[in-house]
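Fold and geometry: a report
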Amino acid sequence: MWTTPNPNPQHYLRPRAAGRAALRKLSLSYPDPVKWIHQEQTLNDRTISEGDYSIKPTLVPPEFWPEQQPVFWLPEFEAPRNQFRLFQNPTRPLPWYLSGSSSEFYSHLVNPLSVPYFLNRDLKGARWRNPRFLATPMASHRTLLVWNPRSSNTPPFAVKASLNLWIGGGNRNVRLFEIKRSVGISSLLVGIPRADLARQGILLLDDSVGLLHKQTNAGLLARDMPWELGPREEIVPVFSLCASRNDRRPRIVELVESSGLEPTTWVDTFVLTPLIYQAYFLGMTEGVVGEMHEQNILMELRNGIPTKRFWHRDLGGFRADNALRRLANKNLEALPAHIHLADLGEQRDIFHEWLHSYLQGSLAYAVGHALRNHFEIPTDHFAGLYNARASKLQNLIFSANGIRTSRNFEKDFERYRTRKFPSLTWPWKNLEAALRDW
């Protein structure tokens, strides 16, 4: 059961043919996550502009790049529970794979590339287990699809594991601040049932539990993994929809053509309008604001047609805006011990700044870039469409709450944040009702 870990990451890497065979075997029982991860790995254009930090993982051995679809054994150590810091959404159970060999231990999964980091810290009370799980990375090196190759009855799961290497100008360990923010945002959202979120078009890849050995600042997060979807449903990251496919056109081009809609109408109907609505719902009813760029937003398709529902991931990239939360008559009591408002981001007005930067400036830009070579689309990459939709929705929300509006919807929002008394009533029961009025 116990072993002396090999510090060489190559030791854990499965031969290419064996790795592909393991994924095919997994797909026999769990085809949906395997199809999803295949798109993450293979439909992912890595492009940069001059002067940017390289997002190509130059410090990661090429055989571990997601594009190579590597499969590797996942090293694992356990240590007494008092040697860890555990952060947990109080409504969610401890994932079974974080339990140690007895109730007195936690077990910690390790990316093979980070084994030397943990060995060099001579962790108190740690002992290394024989690897139980295989894993393959998603588009991000840190986020892993994990499964037990010896049991087809055990569904796969996902973890965000520390990678003690520099990629894109930053060290990719899962640090304490990221764990606190992820679990904190997860906890703030417990007051709204998942079914109610789904009616608003919001599906959540939750990061509900984080684990960190006290002698490190390199932990992990347990991330939700929908291992079974509905009939003919699929999950596709927006960046995969926009990616080139060798000699084939990006899939988003095919979706637009098959719809029979004009391209701008399609983008408005299936991308911008539902995502703007979801951003306002999360911001104004829950006081949380996310980085809605093309890696964090995943489109749900049914029978090859967008459902207007999106999966949102990376809660560590969210911020809590307590002014908005207070106006929705909600407090911070759901936060677990040792997570405080200060851990959830600087308290200032970021709502429109982030929507412009991430939703309009990144996601909509990527969509426009993918469509531009095939259709005539606005030269502003849908900035005008975004502004028109956001201002109209905000005016509807404010009017329903008796709040005056002006021609400057962003200034109106700034003034709203400074109101003294909770006053918000959300006007719609679901996304479809909002679309009828909007």
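Sequence order sets the numbering: in each chain, residues are counted from 1 along the sequence as written. For this predicted model, a pLDDT threshold of at least 70 governs which residues receive local features, and a threshold of 80 or more governs which side-chain atom pairs are given and counted, while totals over whole chains, interfaces and linings are taken from all residues. Where side-chain values are given, they derive from all heavy atoms of the structure, hydrogens and water being excluded.

**A few points about the pairing of strand E13 (residues 207-213)**
Buried means the residue's accessible area, taken with a 1.4 Å probe over protein chains only, is under 20% of the maximum for its type, while exposed means over 50%, and partly exposed covers the values in between. Secondary structure elements are defined from DSSP: runs of H or I of at least 4 residues count as helices, runs of E of at least 2 residues count as strands, and each element is numbered from the N terminus. Of all the 7 residues making up E13, 7 are buried; the element is thus mostly covered by neighbouring parts of the structure. Two elements, E13 and strand E14 (residues 220-223), share 4 bridges in a ladder whose sense is antiparallel. By the bridge assignment for E14, glycine 210 is matched with leucine 221. Following E13, the chain reverses through 6 residues before pairing antiparallel with E14. Paired strands, as defined in this entry, are two strands with at least two bridges between them according to DSSP.

**Looking at the packing of aromatic side chains**
Pairs of aromatic rings are described using the distance from one ring centre to the other and the angle between the two planes. For Phe, Tyr and Trp, where Trp contributes only its six-membered ring, two rings pair if their centres lie within 6.5 Å, and the inter-plane angle classes them as stacked under 30 degrees, edge-to-face over 60, or tilted in between. One pass over the structure, following the stated rule, counts 23 aromatic pairs. For the ring pair tryptophan 96 and phenylalanine 133, a centre distance of 5.7 Å and an interplane angle of 70° mean the geometry is edge-to-face. Pair noted here: tryptophan 96 is in the loop between strand E4 (84-88) and strand E5 (105-109) and phenylalanine 133 is in the loop between strand E6 (127-129) and strand E7 (134-137), with a separation of 37 residues, a long-range link. When the centroid spacing of 5.7 Å and the interplanar angle of 80° are considered together, the rings of tryptophan 96 and phenylalanine 157 count as edge-to-face.

**Topic: the side chain of histidine 381**
Relative to the elements of secondary structure, histidine 381 occurs in the loop between helix H10 (351-372) and helix H11 (383-400). Judged by its relative accessible area of 15%, histidine 381 falls in the buried class. The criterion used for residue contact is that any of the two residues' heavy atoms lie within 4.5 Å. Filtering out sequence-adjacent residues up to four positions away, histidine 381 remains in contact with Gln360, Ala364, Tyr365, Gly368, His369 and Arg372.

**Observations regarding the sheet that holds E14**
Strands sit in the order E2-E7-E8-E9-E14-E13-E4 across an open sheet of 7 strands; the sheet is antiparallel. Of all the strands in the sheet, just strand E2 (72-73) and E4 have a single pairing partner and so form its edges. Bridge count for strand E9 (residues 157-161) against E14 is 4 bridges, and the pairing is antiparallel. Note on E14: the bridge partner recorded for valine 159 is alanine 222. Against the sheet, helix H1 (residues 16-29) touches E7 and strand E8 (143-147), its axis set at about 70° to E8. Contacting E4, E9, E13 and E14, helix H4 (residues 176-188) crosses the sheet at an angle of about 155° to E13. Inter-axis angles, ranging from 0 to 180 degrees, are taken between N-to-C directions of lines fitted to C-alpha atoms, where helices are fitted over the stretch in contact.

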